[in-house]
Amino acid sequence: MNSSTAARNIKFQSNSGFPAGRQSSAIKLVGDSLKEPLVRAVIVTVLCVTVGIAGLLAQARTGTLSIYYIDTEGGQSTLFVGPAGESLLVDTGNAGERDLGRIVETLNTAGVRQIDHLWTTHYHGDHIGALLALARQVPIARFYDHGKPHPNDRIVAAAFLSAYDELTQGKRTIVKPGDTVRMTGVDITTVASANQYIRTNLPGGGSQNASCEGVRQKDESAYIDPDNGESAGFVLTYGQFRTIDLGDLTWNGELDLMCPTNRIGTVSVYLTSHHGLERSGSPALVHALRPRVAVMNNGTRKGGAADAFRVLHETPGLEDLWQLHWSHNAGLDNAPAMFVANVDDNATVASVLTTPPPAGRGGGPAPPHSPAHLVKVTARQDGTFTVVNTRNGFSKTYRAK
Ligand SMILES: [Zn+2]
Ligand SMILES: [Zn+2]
């Protein structure tokens, strides 16, 4: 165990259920009211043992970080449950019963009764779709986002924004690069928000990024949805395990974030930005992060672009790509089915393989298949993590290096 791991352990134990301030004041109170030294010593000992046991129980409750990647058919919704049971939901998929039902089911599976932190990357319908309906079913303690939507965006709905303003009053944090979310046992640092990027180095960051070489900016001037580029993104660290979620941050934003200096270092798991569309996922980002595992939040016809697959397959150190959905765009280039959580029926797969659909980015009305399967990651502090496909039970453990 190195010293930074030891420091994290100590911090974690002191946070596991009993704030230090409350412990000492309880002991002080007993001490003032009882002058008999033996009785006082016994009570203090009992208190200490109780606090110790409670702390151990809290730790035993999980001792791991769990991540549930929910299939929202080309949107995003990802649930994190920290080692002390605290929850973070990133985005809420599309509007309608389908994604709402899948999110609520995942919360139930994870034993989450309150969302402690709800992080919205940006305001597109595939990321905020179920938010208002979800808030009517599940208590949400705190909200995080990038602030006002991009003024030129033609997709963001004004009706949603006014309802969101009302819902989040007094509970909302507009994050800036470098801001952290206070979640017990994990470190969550904002690295991108509202087209601003972190300019200090995270642990392991600070070196010249050789993967920027030869990567050019794209012409993004014709995009009708520039709120993608405003996406609030973070790096989440649990001991030696790290993961990154940048929402739908586009190519040029990735270059601003990662070039010429890689402030972030490397990650264990990379959630493909923007569902694996070719508008994101530049080598400057993906190759420099050197993820061991990538998870693609694609739909049947959204994301899963040939270019995105190519960049991933050229990533040094990438061991596996897991997909939330079998992609019609990718055909035979999809990951092996073991690594794909949701697969169409045989007839659909056969017809896609024999007559591939024209390339396009539309999600299309995906059938509300039930159940919808997860890609689930369970991570330990030493950096070892296991990925499970809940469709077929296939799992693979990536041991700490
Ligand atoms: Zn999206
Ligand atoms: Zn978007």
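The rules behind these values
- Residues numbered from 1 in each chain as written.
- Chains lettered and ligands numbered in written order.
- Predicted model: local features only at pLDDT ≥ 70, side-chain atom pairs only at ≥ 80, totals over all residues.
- Helix = DSSP H or I, 4+ residues; strand = E, 2+ residues; numbered from the N terminus.
- Buried ≥ 20, exposed ≤ 12 C-beta atoms within 10 Å, placed from the backbone.
- Contact = placed C-beta atoms within 7 Å.
- Core = buried A, V, L, I, M, F, W, Y, C linked by C-beta atoms within 7 Å.
- Pairing = 2+ DSSP bridges.
- Right-handed = clockwise from strand over helix to strand, strands pointing away.
- pLDDT = per-residue confidence, 0-100.
- Axes fitted to C-alpha atoms, helices over the stretch in contact; angles between N-to-C directions.

A.B. asks: Is there a simple way to explain the overall build of the chain in this structure?
C.D. replies: What the chain contains, in helices and strands, is eleven helices and 20 strands. Evaluated residue by residue, the chain yields a buried proportion of 45% over its 401 residues. Put simply, 71% of the contacts in the chain that link residues at least 6 apart link residues at least 24 apart.

A.B. asks: I would appreciate a short explanation of the nonpolar core in the present structure.
C.D. replies: Within soluble globular proteins, side chains that are nonpolar tend to cluster in buried spots. Membership of the largest hydrophobic core comes to 83 residues, with the highest contact counts inside it found for Tyr69, Val191, Ile244, Tyr270, Leu289, Val295 and Val375. The leading source of residues in this core is helix α9 (residues 283-289), at five residues. In this structure Leu289 touches Ile244, Ile264, Thr266, Val267 and Tyr270, once residues within four positions along its chain are discounted.

A.B. asks: Mind showing me how you'd approach the pairing of strand β1 (residues 65-69) here?
C.D. replies: Note on strand geometry: in a regular strand, side chains alternate between the two faces of the sheet. Counting buried positions along β1 yields four of five residues, so the element is predominantly enclosed. Here β1 runs beside strand β18 (residues 375-379); their pairing, made up of five bridges, is antiparallel. The residue bridging Leu65 from the neighbouring strand is Ala379, located in β18. For β1 and strand β2 (residues 78-81), the ladder comprises four bridges, and the chain directions are antiparallel. Bridge pairing in β2 links Ile67 to Phe80.

A.B. asks: Sorry, what's going on with the pairing of strand β16 (residues 320-325) here?
C.D. replies: The buried fraction of β16 amounts to five of the six residues, a majority that puts the element mostly inside the structure. Crossover strand β15 (residues 293-296) to β16 through helix α10 (residues 306-313) is right-handed.

A.B. asks: Just to check I follow, could you spell out the confidence of the model for the chain for this structure?
C.D. replies: Across the chain, pLDDT averages 87, with 82% of residues at or above 70. Predicted confidence for residues 54-60 stays below pLDDT 50, and this span has eleven contacts to residues more than four positions away or in other chains.

A.B. asks: For this particular structure, what's the right way to read the sheet that holds β1?
C.D. replies: As summarised here, the arrangement of the nine strands in space is β6-β5-β4-β3-β2-β1-β18-β19-β20, forming an open sheet in which the pairing is mixed. Edge strands, defined here as strands with exactly one partner in the open sheet, are β6 (172-174) and β20 (395-398). Averaged over all adjacent pairs, the angle separating strand axes in this sheet is 15°, with direction ignored. Packing against the sheet, helix α4 (residues 97-110) makes contact with β1 and β2, and its axis sits at approximately 15° to β2.

A.B. asks: What is the right way to read the environment of Pro226 from this model?
C.D. replies: Inspection of the secondary structure puts Pro226 in the loop between β10 (207-208) and β11 (233-238). Residue classification places Pro226 among the buried residues on the basis of 20 C-beta atoms within 10 Å. The sequence separation of Pro226 and Ile155 amounts to 71 residues, and the corresponding C-alpha distance is 9.2 Å. Non-local contacts of Pro226, meaning those with residues more than four positions away in its chain, are made with His150, Asn152 and Asp153.

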